[in-house]
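Coordinates in review
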Amino acid sequence: MTAKDNLKFFAALYGLKYVEERIEQLLEDFGLADAQDKLVGAYSTGMKKRLGIARALLHKPEILFLDEPTNGLDPEGSRSLLNYIRRLNEEQGVTILICTHLLKQVQDLCHSFVFIDQGRFLEQGTLIELEDKYLGAVKVEVETPLDVNEANFPDFPVIDQRPGYLVFQVQDKEQIPQLLAAVLAKAPVYSGNILGRDLEALYFKIRGEQDE
Amino acid sequence: MNKQAIWAVAKKDMLAIKESIQIWLPILILPIVFCLVLPAGLILAIKYFGNAGNVDQIISLLEQLPPGSIRDSILQWDEQNLQILYFFLVYLFAPFFLMIPVMISSVVAASSFVGEKERKTLESLLYTPIDIASLFWGKLLSAFIPAIGLTLISALGYMLVVNILGYDLFGQFIFPQANWLVLIFWVVPTVSLFAIFLNVYVSARVKGFQEAYQLGGLVILPIIALFVSQMAGIMFFSSLVLVALGFIMLVVDLFLVYKTTKDFDRNRLFMSQVK
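In this text the structure is predicted, and so the values were computed from the model without any measurement.

Rules behind the numbers
- Residues numbered from 1 in each chain as written.
- Chains lettered and ligands numbered in written order.
- Predicted model: local features only at pLDDT ≥ 70, side-chain atom pairs only at ≥ 80, totals over all residues.
- Heavy atoms only, no water.
- Helix = DSSP H or I, 4+ residues; strand = E, 2+ residues; numbered from the N terminus.
- Buried < 20%, exposed > 50% of the residue type's maximum accessible area, 1.4 Å probe, protein only.
- Contact = heavy atoms within 4.5 Å.
- Buried area = accessible area lost by both parts, 1.4 Å probe.
- Salt bridge = Lys/Arg side-chain N within 4 Å of Asp/Glu carboxyl O.
- Polar contact = N/O pair within 3.5 Å; in protein donor to acceptor, adjacent residues only side chain to side chain.
- Nonpolar A, V, L, I, M, F, W, Y, C, P; charged D, E, K, R; others polar.
- Domains from an automatic or database assignment.
- Pairing = 2+ DSSP bridges.
- Axes fitted to C-alpha atoms, helices over the stretch in contact; angles between N-to-C directions.
- Parallel < 35°, antiparallel > 145°, perpendicular 65-115°, else oblique.

Below, the discussion takes up the overall build of chain B. Across its full length, chain B carries 12 helices and 0 strands. When the helices and strands of chain B are listed from N to C terminus, the series reads α-α-α-α-α-α-α-α-α-α-α-α. Within chain B, the proportion of its 275 residues that are buried is 52%. Restricting the contact set of chain B to residue pairs at least 6 apart, pairs at least 24 apart contribute 82%.

All names here are of chain A. Mapped onto the elements of the fold, Val 189 is located in the loop between helix H7 (176–186) and strand E8 (191–195). The exposure class of Val 189 is partly exposed, given its relative accessible area of 25%. When the C-alpha atoms of Val 189 and Glu 143 are compared, they prove to be 5.9 Å apart, with 46 residues separating the residues in sequence. Setting aside residues no more than four positions away along its own chain, Val 189 makes contact with Val 142, Glu 143, Leu 180, Val 183 and Leu 184.

Quick look at the interface of chain A and chain B now. At the junction of the two partners, chain A supplies 10 residues and chain B supplies 11 residues. Approximately 920 Å² of surface area, both sides summed, lies buried where chain A meets chain B, with 71% of it carried by carbon and sulfur atoms. Applying the counting criterion to the chain A and chain B interface returns 0 salt bridges. If you look at where chain A meets chain B, you find 1 residue pair in polar contact (both at pLDDT 80 or more). Broken down by element, the residue count for the side of chain A that touches chain B peaks at 4 residues, all from helix H1 (residues 3–13) of chain A. Along the lines of polarity and charge, the residues of the side of chain A that touches chain B split into 7 nonpolar, 1 polar and 2 charged.

Bringing the domain arrangement of chain A into the picture now. Considered domain by domain, chain A is made up of domain 1 (3–115) and domain 2 (136–195). Measuring from the centre of the C-alpha atoms in domain 1 of chain A to the corresponding centre in domain 2 of chain A gives 45 Å.

Across a sheet, paired strands are connected by hydrogen bonds in the backbone, their directions being either parallel or antiparallel. Residue and element names in this part refer to chain A. An order of E6-E7-E5-E8 is seen for the 4 strands of this open sheet, with the pairing classed as antiparallel. Two strands lie at the open edges of the sheet, namely strand E6 (158–162) and E8, each paired on one side alone. Along the sheet, successive strands turn relative to each other by an average axial angle of 20 degrees, direction set aside. Bridging between strand E5 (residues 138–143) and strand E7 (residues 165–170) involves 6 bridges; their strand directions are antiparallel. Considered in E7, the bridge of Val 140 is made with Phe 168. With respect to the sheet, H7 is in contact with E5, E7 and E8, its orientation differing from that of E5 by roughly 30 degrees.

Residue and element names in this part refer to chain B. For the pair helix H2 (residues 21–49) and helix H8 (residues 132–170), interaxial distance at closest approach is 10 Å and the crossing angle is 10 degrees. The orientation of H2 with respect to H8, classified from their angle, is roughly parallel. In this structure, H2 contributes Ile 27, Leu 28, Pro 31, Cys 35, Leu 36, Pro 39, Ala 40, Ile 43, Leu 44, Ile 46 and Lys 47 to the contact, and H8 contributes Leu 150, Ser 154, Gly 157, Tyr 158, Val 161, Val 162, Leu 165, Gly 166, Asp 168 and Leu 169. Taken together, the residues of the contact of H2 with H8 sort by class into 16 nonpolar, 3 polar and 2 charged.

In structure tokens, the structure reads:
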């Protein structure tokens, strides 16, 4: 079956009528317009995924469930698919629920996160909320030529170093400006970066805490 | 039940048949051989060579026929050759027209759900809002329409060939006959439905083509054998017997509909594809 026939068939199953225009629009949106008369069997994995999402959008749903949408896609394919998903949300206001284990991929895409383990709810929140709750003692990597021996701040111990960088430990995010001011008093600062704040690190913290 | 969805499923599956030569070629060859080549050959053989080979057994069979309308209809012809020809054309060939729809519907129906499973398309089908009954009816139609359509066409072709080629010999058109009309329009649909229901049921339960064809064939073959052998006999009886047979099949069909719709829900169908 061709992509177009495929969409027509599913439109009929959804009970939709007068779908020609909608189908053409979707094929256009998902970059399949040129391949619309090709057999779906000859499609690449990425094209099949895009067709699958186009199919799920036929009836203009308000909420979309996606299970591992980028599974089996190459980096380009994943990126363009994630961009489609983002546009779908921003332009058409579709709520999208993505089930995935690729945390890095969705970290910047999703507005909020729910962690589920063996069907059991663990935690939920936006990245900021999760950070506030789980980040705890913060490691800050500061790009500075300051010598480690001079970086003797009692509140902010140095826990790691590499040429041009020092890693300090602070109690929480609120202390970072004080740390930076202290370093600045002695040497220039080129950049500062909180370590371990990505979704994956938070995930392990959340899991670790639940296991205890 | 959702008419639009039923028709969409049926149409999609019939298009798939059209696109697969492995399916439609045997489906076409069988009716052509049985309905056109065989009767034409038989009529022409008798017309030009005067006999159809060793016919002693058939003659003795004809002589043993019980008195009744069938005996009369055969013995209305003076020549022995014509009696034999008439016996073949009107009675012995009839079961073929039951075999054709049963075979077509078995082949198509056996792959109905299994085809979706093998192509991994059943899952996305089950995600749509189509109700399971509509899905089943779509699958049934996709086998029923080609089976009945081809049977009608072959029966029409057969009657035309026999009428035209046989006119010289019999001096009249021998078709249509009441028995045949009952057979084609009443027994063929009900028996086809029976084969389809069974095969769709099996197809929905098993995981792969092999199982479907084997199981479907296992169920169908003895039934075909029974029917073909019995039909030869039943055609000796009246149209009334055929009407009754159709009714029996209809009751069995209704039971199978009930059983199928009761046995399958979305979850069961989904699990049947998990390997």
